[in-house]
Amino acid sequence: MTGLLTLARALAVGYWRDRLALFFSILFPLVFLVIIGGLFGGDTTPRFPVVVVGEVEVFDGLPPQTRAQVDQVLRISHSPDLAEALEQVRRGDQSAAIVQQGSEVVVHYSAGDPTAVGAVRGVVDALVQGANLAAAGQPPRYTVAAEPVEDESLQPIQYLTPGILGWAIAAAASFAAAVTLVSWRQNGLLRRLSLSPVGVPAVVGARVLVSLGIALVQTVVFVGVAAGLFGLRLADSWWLAIPLVLAGTLAFLSIGLLAGAMVKTVETANIVTNVLVIPMAFLSGSFFPLSLAPEWLRTCSLVLPLRHLNDAMQDVLARGVGVASVLPQLLALLGFAVVCSAIAVWRFRWEDA
Amino acid sequence: MPAAAIMARELQKRYGETVAVDGVSFEVETGEFFGLLGPNGAGKTTTLEIIEGLRRPDAGEATVLGMPSWPRNPALRPRIGVQLQTSAFFERLTAAEQIAAFARLYRVPASRATAMLAAFGLADKAGTRVEQLSGGQRQRLSIACALVHDPEVVFLDEPTAGLDPQARRNLWDLLRGINADGRTVILTTHYLDEAEVLCQRVAIMDHGRILRCGTPAELIRDAGAVSRITVESGRLDADELRKRFPEATVREDGDALVIATRDPGTVLTELAGRDAVRGLSVRGATLEDAFIALTGREYRP
């Protein structure tokens, strides 16, 4: 026990003094959250810029309530000069230029962005028809009422927080295991320790202990910032995140141990863990929802431990499901850790051949 | 009569086609300072690592303090101290934290770690991280870590490799001190002068075999190595000296006379009797001469 704690202390002090490792495991993921949160956050549907040239009655005479609805879809600017407006459309600065010629409303658009064209035409058609109805003096026969529904899809911050946190934990744990194993093998510390009263279990145990601690710190800092600054709302079952994070860390440590057992230098260990972790993060939906991915990719990604961690963390942090719902993922993570560690032990070397 | 602290019998180790250790046998008495001397690739380190229990020999057997080295023996670990060729340190710890960690691993009090740091002249470097220590300081720290638990047998693998002459001499004083405390010390070195100065007995290794084993003086004498006596030539006649000492080689070298002999005592007595010792210098035979005599080739570390 003394041996284990001594080694754990040495590792923890070494980690705390490694400013680069601190940055990449704690600060860098926060930077990612800010950037990706900024990209997806706020306006989820983009507004299309249109320029209204001169007087266009269907736009100019709108009641404030209708105008507010239109503004949700279009960003309207005005210009007196048709030639200049058309040039802006050509350059792509504006989705469309709208001009009234007699009783005709003309929409000049670029064919480059069909979504924008559809949206702009839909709005203009609706406004023109509304104006026609008003001009005819008849009450409308049909109206539309819109009601929002709580659906399965989450606000960006709700899925980005577990996803980026999962990636950060995966990167830190696998990197730490690989680099510790390789550098201790390279500088002879592994062999030196094998001649001291501590055994291999203490060496591995110390690495596991310190990495579990780091993962918990990452979780607290990350969820704290997401909740404090980006409006993440924690569900009641948030505490289930703790066993999930610990199980996930074990799985990622085992990846690092395996990588460390296969390579010789710290530089290669660094590259190999990156090559493993970054694609895993994308395929596990860390940076964008997997619902955007094709079905076969989603099926394949079930072999990745990060996929299970991300799914389970979204469930407990944002959706508030119970223990029973995340038990399969928890077992998948632990199972992965056992299998991968077993291979790592089989491939273990005390020194470079 | 104390038992041998270290016993190696017919050790063999090969890596693929290369035979690293080819039938090495020797014993080291308790309290002895023993050296394995040889050029790089002679098999010194592999021999040492087999005895430490780091490697399993293909054949043969090694015991330390009466216990077999292989399979690794937990009871042996607290009783041996090991300094490896690479300085095996925890990254980013200070010198004090480093040795304190080893003290805890061996369950010895922290005060012992502080004392060892001071004994190895590193007290003023206590707060310096291991990465910032000089080569000599790193070696001293590495040896201090190997000694923190007061082991009975100390293994040092090329402790002065890569150090400047001043640092080497400082380290020699410390190493003599370790042995003076009654510990058994075995070291590998490719420096002939180091083996000659430090070791009570030396085994000269080359190509995985021990060529000769004995005290430095024995090795030099047995190799038939000669001493070279140089005096001013004015008072002496070279031909007469050649008749007087037929076994010696007498050579005139400008105004100096060089007498190469296996029996420097008799020659010196004669020279003193004739009052012919102006400008006298004597260069004794060295282990280098012994090595050349044994292998028939220049010594290249």
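In this text the structure is predicted, and so the values were computed from the model without any measurement. (Residues numbered from 1 in each chain as written. Chains lettered and ligands numbered in written order. Predicted model: local features only at pLDDT ≥ 70, side-chain atom pairs only at ≥ 80, totals over all residues.)

## As for the overall build of chain B
Stage number 1. When helices and strands are tallied, chain B shows ten helices and 14 strands.
Stage number 2. When the backbone C-alpha atoms are referred to their principal axes, chain B occupies close to 70 × 45 × 40 Å.
Stage number 3. Residue burial in chain B is summarised as follows: out of 301 residues, 43% are buried.
Stage number 4. For chain B, the proportion of contacts with a sequence separation of at least 24, taken over those separated by at least 6, is 66%. (Helix = DSSP H or I, 4+ residues; strand = E, 2+ residues; numbered from the N terminus. Buried ≥ 20, exposed ≤ 12 C-beta atoms within 10 Å, placed from the backbone. Contact = placed C-beta atoms within 7 Å.)

## A short note on the overall build of chain A
Stage number 1. The helix and strand inventory of chain A stands at 14 helices and four strands.
Stage number 2. Relative to its length of 353 residues, chain A is extended, with a C-alpha radius of gyration of 28 Å against a globular reference of 20 Å.
Stage number 3. With respect to the three principal axes, the spread of C-alpha positions in chain A is 95 × 45 × 35 Å.
Stage number 4. Within chain A, counting contacts between residues at least 6 apart in sequence, those at least 24 apart form 80% of the total. (Rg over C-alpha atoms; globule rule 2.2 N^0.38 Å.)

## Topic: helix H5 (residues 165-180) of chain B
All names here are of chain B.
Stage number 1. Helix length check: H5 (16 residues) gives 23 Å between terminal C-alpha atoms against 22 Å at 1.5 Å per residue, within 8%.
Stage number 2. Of all the residues in H5, the buried ones are Leu-171, Leu-175 and Ile-178. Seen end-on, H5 carries its buried residues on one side only, within an arc spanning 45°. Residues of H5 that are exposed and point more than 90 degrees away from the buried face comprise Pro-165, Gln-166, Asp-173, Gly-177 and Ala-180.
Stage number 3. Elements that come into contact with the buried residues of H5 comprise helix H4 (135-147), strand S7 (153-157), strand S8 (184-189) and helix H6 (192-198).
Stage number 4. Positive phi shows up at Gly-182, right after H5, with a value of about 100°. (Expected span 1.5 Å × (residues − 1). Arc of directions from axis to C-beta.)

## Observations concerning unusual backbone geometry
Residues and elements named next belong to chain B.
Stage number 1. With an omega of 0°, the peptide bond running from Trp-70 to Pro-71 counts as cis.
Stage number 2. Note that Pro-71 resides in the loop between strand S5 (67-68) and strand S6 (80-83).
Stage number 3. Positive phi, close to 65°, is recorded for Arg-92, a residue that is not glycine.
Stage number 4. Along the chain, Arg-92 falls in the loop between S6 and helix H2 (95-105).
Stage number 5. Look at Arg-92 and you get partly exposed, because 18 C-beta atoms sit within 10 Å.
Stage number 6. Positive phi, normally seen in glycine, also occurs at Asp-150, with a value near 55°.
Stage number 7. Looking at where Asp-150 falls in the secondary structure, it is placed in the loop between H4 and S7.

## Let's talk about the sheet that holds strand S2 (residues 18-29) of chain B
Residue and element names in this part refer to chain B.
Stage number 1. In space, the four strands of this open sheet follow the order S2-S1-S4-S5, with antiparallel pairing throughout. Where the open sheet ends on each side, the last strands, each with one partner, are S2 and S5.
Stage number 2. Contacting strand S1 (4-15), S2 and strand S4 (59-64), helix H1 (residues 44-52) crosses the sheet at an angle of about 120° to S1. (Pairing = 2+ DSSP bridges. Axes fitted to C-alpha atoms, helices over the stretch in contact; angles between N-to-C directions.)

## Thoughts on the nonpolar core
Stage number 1. Among the nonpolar cores identified, the biggest contains 153 residues, and Ala170(A), Leu244(A), Ile99(B), Ala144(B) and Val148(B) are the most heavily contacted of them.
Stage number 2. Other than its neighbours up to four places away in sequence, Leu244(A) contacts Leu309(A), Ala312(A), Met313(A), Val316(A), Val326(A) and Leu330(A).
Stage number 3. Of all hydrophobic cores here, the second largest spans 17 residues; its members include Phe48(A), Val50(A), Val51(A) and Phe59(A). (Core = buried A, V, L, I, M, F, W, Y, C linked by C-beta atoms within 7 Å.)

## Comments concerning the pairing of S7(B)
Residues and elements named next belong to chain B.
Stage number 1. Most of S7 is tucked away: five of the five residues are buried.
Stage number 2. In this sheet, S7 lies alongside S6 in parallel orientation, the contact comprising four bridges. If you follow Ile-80 over to S7, its bridge partner there is Val-153.
Stage number 3. The sheet contact formed by S7 and S8 spans five bridges and is parallel.

## Describing the packing of H2(B) against helix H3 (residues 110-119) of chain B
All names here are of chain B.
Stage number 1. Where H2 contacts H3, the two axes come as close as 9 Å, and the packing angle between them is 135°. Taken together, the axis directions place H2 and H3 in an arrangement best described as oblique. The chirality of how H2 crosses H3 is right-handed. Of the residues in H3, those touching H2 at Ala-95, Ala-96, Ile-99, Ala-100 and Ala-103 are Ala-110, Arg-112, Ala-113, Met-116 and Leu-117.
Stage number 2. Residue composition of the contact of H2 with H3, grouped by class: nine nonpolar, no polar and one charged. (Parallel < 35°, antiparallel > 145°, perpendicular 65-115°, else oblique. Left-handed = near helix turned anticlockwise from the far one by under 90°. Nonpolar A, V, L, I, M, F, W, Y, C, P; charged D, E, K, R; others polar.)

## Considerations on the environment of Met1(A)
Residue and element names in this part refer to chain A.
Stage number 1. Within the secondary structure layout, Met-1 lies in the segment before helix H1 (2-17).
Stage number 2. On the basis of neighbour count, Met-1 is assigned to the exposed category, with 7 C-beta atoms found within 10 Å.
Stage number 3. Sequence separation between Met-1 and Thr-115 is 114 residues, and the spatial gap between their C-alpha atoms is 64 Å.

## Section: the interface of chain A and chain B
Stage number 1. Contacts between chain A and chain B engage 18 residues on the former and 20 residues on the latter.
Stage number 2. Where the side of chain A that touches chain B is concerned, the elements lending two or more residues are H1 and helix H8 (189-194) of chain A.
Stage number 3. Sort the elements by how many residues they give to the side of chain A that touches chain B and H1(A) lands first, with seven residues.
Stage number 4. Split by residue class, the side of chain A that touches chain B holds six nonpolar, eight polar and four charged.

## Some details on the environment of Ile255(A)
Residues and elements named next belong to chain A.
Stage number 1. Looking at the secondary structure, you find Ile-255 in helix H10 (residues 241-262).
Stage number 2. Once the C-alpha coordinates of Ile-255 and Val-339 are considered, the two residues, 84 residues apart in sequence, prove to be 10.0 Å apart.
Stage number 3. Not counting the four nearest positions on each side in its chain, Ile-255 is found in contact with Ser-174, Leu-276 and Cys-340.

## A look at the confidence of the model for chain B
Stage number 1. Looking at chain B as a whole, its pLDDT mean stands at 89, while 97% of the residues score no less than 70.
Stage number 2. Two numbers describe this predicted complex: its pTM, 0.76, and its ipTM, 0.81. (pLDDT = per-residue confidence, 0-100.)

## Some thoughts on the sheet that holds strand S12 (residues 249-253) of chain B
All names here are of chain B.
Stage number 1. In space, the four strands of this open sheet follow the order S12-S13-S11-S14, with antiparallel pairing throughout. Since the sheet does not close on itself, it has two edges, and those belong to S12 and strand S14 (281-283), each with one partner. Averaged over neighbouring strand pairs, the angle between their axes works out to 20° when direction is ignored.
Stage number 2. In this structure, strand S11 (residues 227-232) lies alongside strand S13 (residues 256-261), joined through six bridges in antiparallel fashion. Across the sheet, Arg-228 pairs through a bridge with Ala-260, a residue of S13.
Stage number 3. Those strands touched by helix H9 (residues 264-273) are S11, S13 and S14, and its axis lies near 15° from that of S11.

## Brief notes about helix H10 (residues 287-295) of chain B
All names here are of chain B.
Stage number 1. Buried residues of H10: Leu-287, Ala-290 and Phe-291, and no others. Each buried residue of H10 sits inside an arc of 100° when the element is viewed along its axis, so together they form one side.
Stage number 2. Here the buried face of H10 lies against strand S3 (33-37), H6, strand S9 (201-206) and helix H7 (216-222).

## A short note on the packing of helix H9 (residues 200-230) of chain A against H10(A)
Residue and element names in this part refer to chain A.
Stage number 1. For the pair H9 and H10, the least separation of the axes is 9 Å and the interaxial angle reads 130°. When the interaxial angle is binned, H9 and H10 end up oblique. Classified by chirality, the crossing of H10 by H9 is right-handed. Contacts between H9 and H10 involve Val-208, Ser-211, Leu-212, Ala-215, Leu-216 and Thr-219 from the first element and Ala-241, Val-245, Leu-246, Thr-249 and Leu-253 from the second.
Stage number 2. Broken down by class, the residue content of the contact of H9 with H10 amounts to eight nonpolar, three polar and no charged.

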